[in-house]
Amino acid sequence: MHYHPPATTTRLRPLIQDMNLYTQEDRNVWQLLVERQMSRLPRLASADFLRGLDTLGFSAGRIPVFAEMNEKLNQYTGWQLKVVSCLCPVAEFFTLLANKTFTATCWLRRMNELDYLEEPDMFHDVFGHAPLLSNPAYTRFFEALGQLGQKYGHVPAALEMMERLYWFTIEFGLIHEEGQVRMYGAGVLSSVGETNHVLSEKSRKTSFELDTVIRTPFRTDVLQQQYFIIDGFDQLLHSLEPLEERLAETDPEGNKQYFQV
Ligand code: FE
């Protein structure tokens, strides 16, 4: 579930990961991005994310192999990464989540796009998202969100609430850990700009509260103005019961209640 505009550049977007297709530029890009984030994340990222990086064997010197990651994810949570060429239609995306499957691209951005991307690439999808797919508490929430998506995703107002919850948790979520605020959202962890922005005084950081989250619009083309901090992944799972009450109240025939700005 991403909101970036479609790509305008032509580029190979394979549906199967073939390690032979990666170029030296790909390897350099991967190395640079991983080294750059890892020079800071050990102090800033959630311990569960860092453990996941370790569990899946991430290293700057080697582009990860989907088959190997899937073998490990299967042992820990039963989740899988499925290669997609670009963005996945919403209905399919929810069904895959409900079946413990996350979609990820296997191509990398170019060297001249290190900090700006039109759509998520493998660094965002895999470095940002895959580590926490090895975490049982996180994936219980993700799977249950997929099930709600299957049930209510066709209702525009309900979809919008779920998009916002997804955006402010899975993509840009922060977590209280040992007296500190740490990052667990893939959009923050995979972007130098967001990583810096979270730490600055310019962004608002408030405690996670479901009704506030589902009423908060977001933009995909600027650094986030607002971040929400959870106390733990169980809190997210528990938020799904009240969320379902809100989803059930939406009008299946109605328009969106709020407009994305
Ligand atoms: Fe993402």
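Residues numbered from 1 in each chain as written. Predicted model: local features only at pLDDT ≥ 70, side-chain atom pairs only at ≥ 80, totals over all residues. Heavy atoms only, no water.

Q: Can you walk me through the pattern of salt bridges in this structure?
A: Oppositely charged side chains may form a pair once their charged atoms are brought near each other. A full pass over the atoms with the stated rule returns 10 salt bridges. Of the charged contacts, one joins Arg-51 and Asp-48 as a salt bridge, the two residues approaching to 2.6 Å between their closest N and O atoms. Of the two residues, Arg-51 and Asp-48 are both situated in helix H3 (residues 47-55); the distance of three residues between them amounts to about one turn of the helix. Taking the shortest distance from any N to any O, the salt bridge between Asp-121 and Arg-109 comes out at 2.9 Å. Residue Asp-121 is located in the loop between strand E2 (101-104) and helix H6 (122-129), and its partner Arg-109 is located in the loop between E2 and H6; the two are separated by 12 residues in the primary sequence. (Salt bridge = Lys/Arg side-chain N within 4 Å of Asp/Glu carboxyl O. Helix = DSSP H or I, 4+ residues; strand = E, 2+ residues; numbered from the N terminus.)

Q: Which parts of the structure should I look at to understand H6?
A: Quick reminder: α-helices carry 3.6 residues per turn. Residues three or four places apart thus point the same way. H6 sits mainly inside the fold: eight of its eight residues count as buried. Of the positions making up H6, those classed as buried are Met-122, Phe-123, His-124, Asp-125, Val-126, Phe-127, Gly-128 and His-129. Sitting at the head of H6, Asp-121 places a side-chain oxygen 3.2 Å from the backbone nitrogen of Phe-123. (Buried < 20%, exposed > 50% of the residue type's maximum accessible area, 1.4 Å probe, protein only. Polar contact = N/O pair within 3.5 Å; in protein donor to acceptor, adjacent residues only side chain to side chain.)

Q: I keep staring at the sheet that holds strand E5 (residues 204-207) and nothing clicks. Help me out?
A: Whenever strands of a sheet pair, they do so through backbone hydrogen bonds, lying parallel or antiparallel. Reading across from one edge, E4-E3-E6-E5 is the order of the four strands in this open sheet, with mixed pairing throughout. Pairing within the sheet leaves two strands with one partner each, and these edge strands are strand E4 (180-183) and E5. Averaged over neighbouring strand pairs, the angle between their axes works out to 35 degrees when direction is ignored. Two elements, strand E3 (residues 174-177) and strand E6 (residues 226-230), share two bridges in a ladder whose sense is parallel. Considered in E6, the bridge of Ile-175 is made with Ile-230. (Pairing = 2+ DSSP bridges. Axes fitted to C-alpha atoms, helices over the stretch in contact; angles between N-to-C directions.)

Q: Got a minute to help me understand the layout of surface pockets in this structure?
A: A water-sized probe rolled over the atoms picks out the places where empty space is left. There is about 210 Å³ of room inside the second largest pocket. Around the second largest pocket sit 13 residues that line it, and Leu-12, Leu-21, Asp-26, Trp-107 and Arg-110 are the ones nearest its centre. In terms of residue class, the lining of the second largest pocket is made up of seven nonpolar, one polar and five charged. (1 Å grid on protein atoms, 1.4 Å probe; cavity = no way out; pocket = protein on both sides within 12 Å on 5 of 7 lines; lining within 4 Å. Points joined across faces, edges and corners; volume = space filled by probe spheres on them. Nonpolar A, V, L, I, M, F, W, Y, C, P; charged D, E, K, R; others polar.)

Q: I'm lost on unusual backbone geometry in this one. Help?
A: One can expect most non-glycine residues to show negative phi and most peptide bonds to be in trans. Within the chain, Lys-100 stands out as a residue other than glycine whose phi angle is a positive 55 degrees. Assignment of secondary structure puts Lys-100 in the loop between helix H5 (90-98) and E2. Positive phi is not limited to glycine here, since Glu-178 has a value of about 45 degrees. Positionally, Glu-178 belongs in the loop between E3 and E4. Under the relative-accessibility criterion, Glu-178 is labelled exposed at 83%.

Q: How should the coordination of the iron ion be read in this particular structure?
A: Tetrahedral coordination by four donors sets the ideal angle at the metal to 109.5 degrees; octahedral coordination by six donors sets it to 90 or 180 degrees. Within the protein, His-124 (NE2), His-129 (NE2) and Glu-171 (OE) serve as the donor atoms for the iron ion, at 2.0 to 2.2 Å. Each donor residue of the iron ion belongs to the same chain, with the gaps between them written as H-x4-H-x41-E. With His-129 in helix H6 and Glu-171 in helix H8 (residues 156-171), this residue pair connects regions lying 42 residues apart in the sequence. There is no split in this pair, since His-129 and Glu-171 are both buried. (Donors = N, O, S within 2.8 Å, 3.2 Å for Na, K, Ca; no water.)

Q: Got a minute to help me understand the confidence of the model for the chain in this structure?
A: Interpretation of this model should avoid reading the predicted coordinates in detail wherever pLDDT is low. Per-residue confidence for the chain gives a mean pLDDT of 91; residues scoring 70 or more make up 93%. A low-confidence stretch, residues 1-8 (pLDDT under 50), is modelled with 25 contacts involving residues beyond four sequence positions or located in other chains. (pLDDT = per-residue confidence, 0-100. Contact = heavy atoms within 4.5 Å.)

Q: What should I look at first to understand the packing of helix H7 (residues 136-152) against H8 in this one?
A: Two quantities define a packed helix pair, namely the angle between the helix axes and the distance between the axes. For the pair H7 and H8, the least separation of the axes is 10 Å and the interaxial angle reads 165 degrees. Relative to H8, the element H7 is oriented roughly antiparallel. Remark: the crossing between H7 and H8 carries left-handed chirality. Note on element contacts: H8 touches H7 through Ala-158, Leu-159, Met-162, Leu-165, Tyr-166, Thr-169 and Ile-170, opposite Tyr-138, Phe-141, Phe-142, Leu-145, Leu-148, Gly-149 and Tyr-152. (Parallel < 35°, antiparallel > 145°, perpendicular 65-115°, else oblique. Left-handed = near helix turned anticlockwise from the far one by under 90°.)

Q: Explain the packing of H8 against helix H13 (residues 240-249) here, please?
A: Packing of H8 against H13 leaves a shortest axis separation of 9 Å and a crossing angle of 155 degrees. Regarding the angle of H8 to H13, the classification is roughly antiparallel. Considering how the two elements wind past one another, H8 and H13 form a crossing that is right-handed. For the pair H8 and H13, the contacting residues are Ala-158, Met-161, Met-162 and Leu-165 in the first and Leu-240, Leu-243, Arg-246 and Leu-247 in the second. Across the contact of H8 with H13, the residue classes tally to seven nonpolar, no polar and one charged.

Q: Just checking my understanding: could you explain the packing of aromatic side chains for this structure?
A: How two aromatic rings sit relative to each other is set out by the distance from centre to centre and by the angle between their planes. As enumerated under the stated definition, the model contains 18 aromatic pairs in all. Between Phe-93 and Tyr-166, the ring centres sit 5.7 Å apart and the planes meet at 75 degrees, which makes this aromatic pair edge-to-face. Separated by 73 residues along the polypeptide, Phe-93 in helix H5 and Tyr-166 in helix H8 bring together distant segments of the chain. Neither residue differs from the other here; Phe-93 and Tyr-166 are each classed as buried. Ring plane angle 65 degrees and centroid distance 5.7 Å describe the contact between Tyr-138 and Phe-142, whose orientation is recorded as edge-to-face. In this pair, Tyr-138 and Phe-142 both sit in helix H7, four residues apart, roughly one turn of the helix. For the pair Tyr-138 and Phe-142, one class covers both residues: buried. (Phe/Tyr/Trp six-rings, centres within 6.5 Å; stacked < 30°, edge-to-face > 60°.)

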